[in-house]
Amino acid sequence: MNLYLQHGYGKGQKIRALSAAGALRGVILSPGDEDDATLARTASDAKDLGLRVCVDPQTYVYSTAPKGVGRKHESHGIQFEDLHWSQAVTAITDQVERVGRMHDRVNPGGIKFAPTVLQASFDDVWTSTAFQLARTSASEWGQEWTVATLAIEDTALDTWRHIDEWLDVATTLEVRGFYILVGRKDTSYPPAAWSAERLANLLRMIYVLTELNEYEVCWGYADGEGLAGIAAGASAIASGWNYSLRQFKPSKWQPTDRKGGAAPNSRFYSSRLWSSVLSTAEADILHSSHLREKVFEPAELALIERRPLEEIGVLDAQLQFLESLSRQARSVAAVEGVSARLDKVQNSLGSALSLFGEIAEEGIPLTNRYEGRVRSLASAIERFRDAESL
């Protein structure tokens with residue numbers, strides 16, 4: 001299994017249902033969404049299901065501007081409102097100790113994710129703080145028990161030279177691996193296409209960390225693009241049921257006057273299109289067309305036979321997306337070697353682009369964003385392969 005469930009508010013029976021479907025490797029828990037006692041019970045229940053459990057301490061919320069808020073962090077003893085890039089070494093030590101105690105209470109005996117800060121670039125004022133937090137965590141907890149956390153804005157991926165310089169230092173860290181989070185400004189879903197250059201640089205970074213330096217890497221809050229990360233060498237990706245759990249958005253933790261929002265549209269994930277299309281007005285039209293067997297996998301068609309698209313609710317759609325993403329991740333990871341995995345992904349993306357062409361010829365309306373994301377992903381992989389001679 002290569003998919004972790006990105007935990008958040010409103011878990012219901014989703015962890016149990018996805019585990020029963022064989023879709024999960026584990027869960028990454030959120031101390032911002034459940035208090036100390038409740039999160040410990042969630043961790044215990046997940047372990048009883050045979051899942052691996054990790055906890056993201058989410059300390060990066062206190063390095064945003066304006067400063068973010070972790071709703072339940074106080075109950076975990078990790079509310080770091082005084083976190084600052086100029087803080088003393090004693091503050092670093094205290095923060096690591098408090099995060100360590102949180103891990104031991106919620107997930108005793110488990111691997112620990114190190115606290116970190118959000119970096120706008122690989123050489124901003126927070127960079128040295130992030131390294132100090134990772135080094136101190138490894139020193140306190142031990143190499144095999146420590147995963148360094150990297151939280152960056154996507155603009156940090158603009159220039160490979162800066163990433164390469166960061167890697168020179170990062171690859172000296174005596175940690176088990178890295179948990180990578182990339183913040184993006186677009187808050188709609190499906191998200192806008194990645195910049196091909198930024199995504200290519202992210203794939204290069206994952207490749208250098210995993211294939212060249214033998215670290216484990218998990219790309220958190222990933223959507224379909226995470227599959228390219230697995231092809232590049234990542235051992236796992238994490239994604240969630242809500243759209244906000246499929247994109248890392250630092251603004252999620254920042255104060256806002258906005259009250260609630262509209263209920264999300266029900267979507268159906270077509271793995272052959274690499275897209276979550278609207279259940280009604282898109283997926284249903286495709287299903288009624290002569291392209292049905294080309295667009296939908298047999299498992300997807302079987303589900304539609306059991307539950308017509310107009311009857312698929314938000315919960316059904318959430319589980320369908322995660323189960324489909326898990327199958328794709330497992331299929332990519334099963335291929336030996338980076339080049340062969342990239343070949344597989346590129347072939348699949350090429351087929352998706354051909355399908356979009358056929359759909360357009362049939363006059364079936366689809367949101368342009370789907371095809372744009374696939375083209376961007378295909379272009380990013382080409383750039384990545386050229387840069388690393390793969």
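Everything below is about the structure shown above.
In what follows, the accompanying structure is described. Here the residue numbers are simple positions, counted from 1 along each chain's written sequence. pLDDT decides what is reported in this predicted model: residues at 70 or higher carry local features, side-chain atom pairs at 80 or more are listed and counted, and totals for whole chains, interfaces and linings draw on all residues regardless. Values shown for side chains rest on all heavy atoms present in the structure; no hydrogens or waters enter the calculation.

Some words on the packing of helix 12 (residues 314-333) against helix 13 (residues 338-361)
Axis definition: a line fitted to C-alpha atoms, over the contacting stretch in the case of helices. Angles run 0 to 180 degrees between N-to-C directions. Per the convention used, a helix needs a DSSP run of H or I reaching at least four residues, while a strand needs a run of E reaching at least two, with both numbered from the N terminus. Running from N to C, helix 12 and helix 13 point in directions that differ by 140°, and their axes come no closer than 9 Å. Of the possible angle classes, the one that applies to helix 12 and helix 13 is oblique. In this structure, helix 12 contributes S331, V332 and A333 to the contact, and helix 13 contributes R341, K344 and V345. Looking at the contact of helix 12 with helix 13 residue by residue, the class counts come to three nonpolar, one polar and two charged. What sets the label is the angle itself: under 35 degrees gives roughly parallel, over 145 gives roughly antiparallel, 65 to 115 gives roughly perpendicular, and the rest give oblique. Note on definitions: a residue-residue contact is assigned when non-hydrogen atoms from the two residues lie within 4.5 Å. Following the grouping adopted for this structure description, the nonpolar residues are Ala, Val, Leu, Ile, Met, Phe, Trp, Tyr, Cys and Pro, the charged ones are Asp, Glu, Lys and Arg, and the polar ones are all others, Gly among them.

So, the side chain of S326
In this fold, S326 is placed in helix 12. Here the side chain of S326 touches A23 through a polar contact of 2.6 Å, landing on its backbone oxygen. Once residues within four sequence positions are removed from consideration, S326 is found in contact with M1, L3, G22 and A23. Whenever a nitrogen or oxygen atom comes within 3.5 Å of another N or O atom, the pair is scored as a polar contact, on the condition that within protein one atom can donate a hydrogen and the other can accept it, and that pairs from neighbouring residues in sequence are kept only if both atoms are in side chains.

Things to note about the packing of aromatic side chains
Aromatic rings from Phe, Tyr and Trp, taking only the six-membered ring of Trp, are treated as a pair when their centres fall within 6.5 Å; an angle between ring planes under 30 degrees marks them as stacked, one over 60 as edge-to-face, and anything in between as tilted. Under the counting rule described, the total for this entry stands at 15 aromatic pairs. Plain terms: the ring middles of W194 and W219 are 6.1 Å apart, the flat faces sit at 90° to each other, and that makes the pair edge-to-face. Remark: W219 occurs in strand 8 (residues 216-219) and W194 occurs in the loop between strand 7 (177-183) and helix 7 (196-212); sequence separation between them is 25 residues. Burial classes follow relative accessibility: with a 1.4 Å probe on protein chains only, a residue under 20% of its type's maximum area counts as buried, one over 50% as exposed, and anything between as partly exposed. In this structure W194 comes out as buried when scored by relative accessible area, which is 8%. The class for W219 is buried, based on a relative accessible area of 4%. A ring pair is formed by Y207 and F384, whose centres lie 5.8 Å apart and whose planes are at 70°; its orientation type is edge-to-face. Within this pair, whereas Y207 is found in helix 7, its partner F384 is found in helix 14 (residues 368-388), the two being separated by 177 residues in sequence.

Focus: the environment of S266
Its place among the elements puts S266 in the loop between strand 9 (236-239) and strand 10 (267-270). The exposure class assigned to S266 is buried, which follows from its relative accessible area of 19%. S266 sits 124 residues away from G142 along the chain, and the two C-alpha atoms are 44 Å apart. Non-local contacts of S266, meaning those with residues more than four positions away in its chain, are made with V277, L278, S279, I312, G313 and A317. At a separation of 3.0 Å, a polar atom in the side chain of S266 contacts the main-chain carbonyl oxygen of I312.

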